[in-house]
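Working through the structure, step by step
Spelled out, the chains give:
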Amino acid sequence: MKRILFVTYDAYPHEGGKSTHIKYLIDGLTELRIKCDVVSFNDANQMENTAGKVLMQPCKLFGKDCYLYYRLQVGKAAFRKAVLKKLKNNNYDMISAQDAISGSILNKIAPDCNNISLTMHTYFGLENGLDNSALCEGNKYYDRMKAEELEALQCAHAVIAVDERIEKHVVETVDAVGVADRCKVFCVRNFINTNAFEHCPARSENDTLNVICVRRLVEKNGVIYAVKAMEHCSDKVRLHIVGDGPEMPKIQEYVKNGGLENRVVLHGAMKNDQVLSLYKTCNAAVVPSITVNGLQEATSISALEAMACSMPIVVSSIGGLRLLVEDGKTGFWANERDSQEIGSKLQWIFDHPGEATQIGANARQFVEKHHSHLSAAKSYLNIFSGNNTGK
């Protein structure tokens, strides 16, 4: 295998976990001398996309859900042309769709292609409804979107889930759709390029504890609970939030009303090199994800990044986070939505710099052993080459 194309309906690069996943996987594959290309929504004709969205404005008269559905169709049409152009001008040994929307587009333009894989970073249907409360299970437009996503399974010969819970969801979906005989399911847990991360700065007793939280600001990431946790720990604990999203106004209002301006720094969206620079100034991390619509965080890339920096980390005791962090050894668990418990765990890290340093060192060792980009790249190549039987 010499050349792979990654297809993502998101912008690339951006601050989200999927973009980071692609980057780290390409890092690993490049080390294995595989040439990698990416076609993302950045490559779509943005003028055409914008004009189409304007034409869809009347759909709002029939409801936000109607508008969101037809706006998606406009975006898919623009992106489809970009994918077609990329495929027309290049030959690839493997095409890796990085979301169900990309997979459904590939099913339309290359239904008979036998070298398409699909990586699932979340559940079918979730991505479309995540940031839009108007779209939820049972809504006719949501159901249409989900049905369109499931079309990705018609062309994918391998589906790779980023954690065991998503793997179970995909296996059940593949069985329900009736493609289990040819569409194999695999699990390759999320990973990072550990070479990109340095050990966090040493901290002495009574030094400020700088806590980093790299999260897209959506409900499921629970960042508001990290903000509230600042009310339950020393004023020498400072929270740095990196990311943007629909929850930003809510968080800004809470910070202002709570007088937390000197305790919480809202950095907004940052480029990867900027995030790496900020990691070098912080001593701990928090990933306060919550359960939304019964769905939970997978193996969090931002958690892996913090652990690779030898940071003691506080995570919600749910989903992939609970599997990733061993409580008291590589980090700490806190009950989801429990800002007081998050605050108490951060306070412990502040009060015990020596023990916290050892926990951070344990975290780094764990990530190096179990979540390196190079081992993940080898796993992907085995799947792409048909050397792994899957489920």
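Given the structure is predicted, the values throughout are model-derived calculations rather than measurements.

Quick notes on the packing of aromatic side chains
Pairs of aromatic rings are described using the distance from one ring centre to the other and the angle between the two planes. Applying the stated criterion to the full structure yields eleven aromatic pairs. Seen from their ring centres, Tyr24 and Phe197 are 6.2 Å apart, and the 70° between their planes marks the pair as edge-to-face. In this pair, Tyr24 is assigned in helix α1 (residues 17-31) and Phe197 in the loop between β6 (184-187) and β7 (209-214), connecting sequence segments 173 residues apart. The class for Tyr24 is buried, based on a relative accessible area of 5%. By relative accessible area, Phe197 is classed as buried at 5%.

Section: the packing of helix α3 (residues 64-89) against helix α6 (residues 140-150)
Closest axis-to-axis distance for the α3/α6 pair is 9 Å, and the angle between their directions is 25°. Here α3 is positioned roughly parallel relative to α6, judged by the angle of their axes. Residues Asp65, Cys66, Leu68, Tyr69, Tyr70, Leu72, Gln73 and Lys76 of α3 form the contact with α6, whose own contacting residues are Tyr141, Arg144, Met145 and Glu148. Partitioning the contact of α3 with α6 into residue classes produces seven nonpolar, one polar and four charged.

Describing the packing of α3 against helix α4 (residues 100-109)
Packing of α3 against α4 brings their axes to within 10 Å, and their N-to-C directions diverge by 60°. Judged on the interaxial angle alone, α4 and α3 are oblique. You can see that α3 and α4 cross each other, and the crossing is right-handed. Across the interface between the two elements, Leu72, Lys76, Phe79, Arg80, Val83, Leu84 and Leu87 from α3 touch Ile101, Ser102, Ser104, Ile105, Leu106, Lys108 and Ile109 from α4. Split by residue class, the contact of α3 with α4 holds nine nonpolar, two polar and three charged.

Quick look at the sheet that holds strand β9 (residues 264-268)
Spatially, the six strands line up as an open sheet ordered β9-β8-β7-β10-β11-β12, and their pairing is parallel. Either end of the sheet is taken by a strand with one partner, and the two such strands are β9 and β12 (332-334). When strand polarity is set aside, the average angle formed by the axes of neighbouring strands in this sheet is 25°. Its contacts with the sheet put helix α10 (residues 272-279) on β7, β8 (237-242) and β9, and the angle it makes with β7 is roughly 155°.

Description of the sheet that holds β6
Paired through their backbone hydrogen bonds, the strands of a sheet run either parallel or antiparallel. Here we have six strands laid out as an open sheet, ordered β2-β1-β3-β4-β5-β6, and parallel in their pairing. Strand pairing shows two members of the sheet lacking a second neighbour, β2 (35-40) and β6, which therefore form its edges. For this sheet, the mean inter-axis angle between neighbouring strands, taken without regard to orientation, is 25°. One ladder, built from three bridges, connects strand β3 (residues 94-97) with strand β4 (residues 116-120); its direction is parallel.

Reading guide: rules and limits
Residues numbered from 1 in each chain as written. Predicted model: local features only at pLDDT ≥ 70, side-chain atom pairs only at ≥ 80, totals over all residues. Heavy atoms only, no water. Phe/Tyr/Trp six-rings, centres within 6.5 Å; stacked < 30°, edge-to-face > 60°. Helix = DSSP H or I, 4+ residues; strand = E, 2+ residues; numbered from the N terminus. Buried < 20%, exposed > 50% of the residue type's maximum accessible area, 1.4 Å probe, protein only. Axes fitted to C-alpha atoms, helices over the stretch in contact; angles between N-to-C directions. Parallel < 35°, antiparallel > 145°, perpendicular 65-115°, else oblique. Contact = heavy atoms within 4.5 Å. Nonpolar A, V, L, I, M, F, W, Y, C, P; charged D, E, K, R; others polar. Left-handed = near helix turned anticlockwise from the far one by under 90°. Pairing = 2+ DSSP bridges.

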